[in-house]
Amino acid sequence: MMAMTHAGYIAAGWGGAAALVGAYAAWVLRRGRTLSRQVPPEERRWS
Amino acid sequence: MWRDAALVAGRDLRVELRSRVTTNQVAPFSVLVLILFAFALDPDRQLLERLASGLYWTAVLFAALLAISRSAAIDETDGVRDALRLSGIDPAGVFVGKAAAVAVVLLGLEVLLGVGVVVLYGVDLAGAGLVVLAALAATVAVAATGTLYGALVSGLRVRETLLPLLLLPVLAPVLIGATRAFEAALAGVPTDGWPWCGLLAGLAVLYAVAGALAYGTLLEGS
Amino acid sequence: MTSPTSTTVTGTPYGDGRAPDTPRAAGRVAPGNTGSRASRVLGILALGSIVLLVLYGLVWSPPDAEMADSVRLMYIHVPAASFLYAGCFITTVASAMWLRRRTPGWDALAGASAEISLLFAAITLGTGSLWGRPTWGTYWTWDARLTSTALLTALLVGYLALRRLDVDPTARSTRAAVLGLLLVPNVIIVNRSVEWWRSLHQRSTLVKLDPTIEGQMLVALMVGFLAVGLVFTWLLVHRFRVAWLEYQSERLDLDLALAERRAEAGHAGEARESTPA
C-alpha cells in the first residue's frame, strides 16, 4: 500500500478529513454533555 | 407603495445631501481606491488600461459598501425604526425607497469613477449603449441586494464588519457580469457583452423582488 | 416548570448530570449527553462504513489509469461536496420553515446544518486542492467548481457569523432565517455565473470522474457516499440536539433572570411597606 503514488497527498487528504471530523465530533459531544447538565430532562425529546 | 417609496427615497437623499458625507468622504475614498490600484499595479499604462473594467467595478463595490452602510444607519437612530413600523408605511415601499436612494448615490459615484478611469488609466470609451445599460442594471442589483443585506445587519454593533462579509460573496456574480460587459464594450465587441447585461438585469429583478418581500419581516422581527 | 433553586456547591440548579430520582415508570432515564439509542446505532453504522471506505478506497480499489492513486482522494471529495450542498439545502428549507412556523427546532436545524456544511466545505476544498497538486501541478486553480465552492464557503462563514450575534434571540433567529432562506438561491446564482464565466476561458476542467467508471472504483465511490452520508447525518443529529439544548439553556437563563428580578421587586415592595411612612 505504501507503494502508492502520491502517498503523501492521499495521507494528508484522508488524514486531514479524519482529523477535522474527529475534532468536530469530539467538540459537539463534549458540548452536549456540558449543556445536558444544565438543562432538565423534561426539556429534551430524546433519551 | 410607490408613494411611500418616493417618500422614503426623498428622505434618505435629503439626509445624505445635507450631511455631505457622500460628497466629502465616500467619493474621495473611491477615487483614492483607483489611485491605490495604480500604486499596487505599477502604472504601466497598458496594464491599468487592460484591467480597467475590473478595477472600476471593484472600486464601485467598495464605495457601495459605504453607501449602503450609511443608508442602514439612517434608520438606526432612536425610534426611527418604530416610527416606520407604526406609521403604516408599506415595508416594501420603504425597501424600494431606500434602494432607489442608494442607487442614485451609486450612479453619481459611478460617473465620478468613470471619469477617473478615463483620466487615470487612459481608457477609451466605446460601446456607450452597453456601458450605460450594464451600469444601470448592475447599480440596481447592487442597490437592491445591498439594501436587503443592510437591513439584515442594521442596528448591530458589528454592522460595519459584517456587511462586507455577507454582501461581497453575494455580489460576486454582479462583479463578474459587470466586468465582462464593460470589457466587451471597451473592446468593441458589444455582442459578447449583452448576455452579461441580461444576467445583471435578472439579478436586479430577483433581488428587488426578494427585498420587497423580506423587508417587512425584517422590520418587524428586529 | 421547576422553580429556580440556589446552586449547590457541587452541582447546577438541575443536578449534576446523573439520573434524577424520578420514577422510572416511563422506562426512560435522562442521559447526561446528546445520545440516544437511535443515534448510537447510527454512529455504529457510520463507523462501520468508514472502515469499509478505508478498505475499498485505499486498499481494494485500483489506481486510476490517468490519475494514479490520487483518484483515491475523490472518494472523499465528491461525496463531501454533495453533502455540502445537501446541508445548504437543509439550512434553506429549515429557515423557510422557521419563518412559517416560528418553532425553535427549525432554527436549531438551520444553524446545525450550516455548521456541518462548513466543515464539509473545508474537507471539499482541502481534498480538492490536494488532488489538484499532483494532477494539475498547482494547489489552486480558478476553475468553476473550486471557485464556486470557495464563494459558498464565504457565504456559510457569513451566515454563521450572523448567528452569533448578541441580540434578542427572536431578532437573531429572524435575521438568520432570512439570510438562510437566501443561501440556496445565492449558491445557484454564484455557481451558474462562475461556470459561465470560466467556460469562456478554459475548456471545462471540472472534476469529472470518467462516466464509465466501473468495478472496484465505482464501488469505492458508492461506499464513500455511504460513509460520508452517515457521518453527516450522525453529526447533524448531535449538533441539532446541542443547538436545542443551547436554546433551552438560554430560555431558562432568561426565566431565571426574570424570576430573580421579580423576587427583588417583591422584597423591595415589602421593605417599603414595612418602613413607617
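Residues numbered from 1 in each chain as written. Chains lettered and ligands numbered in written order. Predicted model: local features only at pLDDT ≥ 70, side-chain atom pairs only at ≥ 80, totals over all residues.

Caption draft 1: Examining the overall build of chain C more closely. Helix and strand counts for chain C come out as 7 helices and 0 strands. Reading the secondary structure of chain C in the N-to-C direction produces α-α-α-α-α-α-α. For chain C, the proportion of its 277 residues judged to be buried stands at 40%. Across chain C, every contact between residues at least 6 apart in sequence was considered, and the portion connecting residues at least 24 apart equals 78%. (Helix = DSSP H or I, 4+ residues; strand = E, 2+ residues; numbered from the N terminus. Buried ≥ 20, exposed ≤ 12 C-beta atoms within 10 Å, placed from the backbone. Contact = placed C-beta atoms within 7 Å.)

Caption draft 2: Spotlight on the interface of chain B and chain C. In this complex, chain B contributes 20 residues to the contact, which on the side of chain C involves 21 residues. Looking at the side of chain B that touches chain C element by element, the count peaks at 10 residues for helix H7 (residues 159-186) of chain B. In terms of residue class, the side of chain B that touches chain C is built from 15 nonpolar, 4 polar and 1 charged. (Nonpolar A, V, L, I, M, F, W, Y, C, P; charged D, E, K, R; others polar.)

Caption draft 3: Region of interest: the environment of Asp166(C). Here Asp166(C) lies in the loop between helix H4 (144-163) and helix H5 (169-181). When the C-alpha positions of Asp166(C) and Thr124(C) are compared, they lie 31 Å apart, and in sequence the two are 42 residues distant.

Caption draft 4: Region of the structure containing helix H1 (residues 37-60) of chain C. For H1(C), spanning 24 residues, the distance from its first C-alpha to its last is 33 Å, which sits close to the expected 34 Å at 1.5 Å a residue. Those residues of H1(C) not exposed but buried are Ala46(C), Leu53(C), Tyr56(C) and Gly57(C). (Expected span 1.5 Å × (residues − 1).)

Caption draft 5: Inspection of unusual backbone geometry at higher detail. Residues and elements named next belong to chain C. Although it is not a glycine, Arg 102 adopts a positive phi angle of roughly 60°. Structurally, Arg 102 can be placed in the loop between helix H2 (74-101) and helix H3 (104-136). The exposure class of Arg 102 is partly exposed, given the 14 C-beta atoms found within 10 Å.

Caption draft 6: How the structure looks around the packing of H4(C) against H5(C). Residues and elements named next belong to chain C. The contact between H4 and H5 brings their axes to 9 Å, and the two run at 165°. When the axes of H4 and H5 are compared, the pair comes out roughly antiparallel. As H4 packs across H5, the resulting crossing turns out to be left-handed. On H5, the residues touching Tyr 159, Leu 162 and Arg 163 of H4 are Arg 172, Arg 175, Ala 176, Leu 179 and Gly 180. Each residue belonging to the contact of H4 with H5 can be placed in one class, and the counts come to 4 nonpolar, 1 polar and 3 charged. (Axes fitted to C-alpha atoms, helices over the stretch in contact; angles between N-to-C directions. Parallel < 35°, antiparallel > 145°, perpendicular 65-115°, else oblique. Left-handed = near helix turned anticlockwise from the far one by under 90°.)

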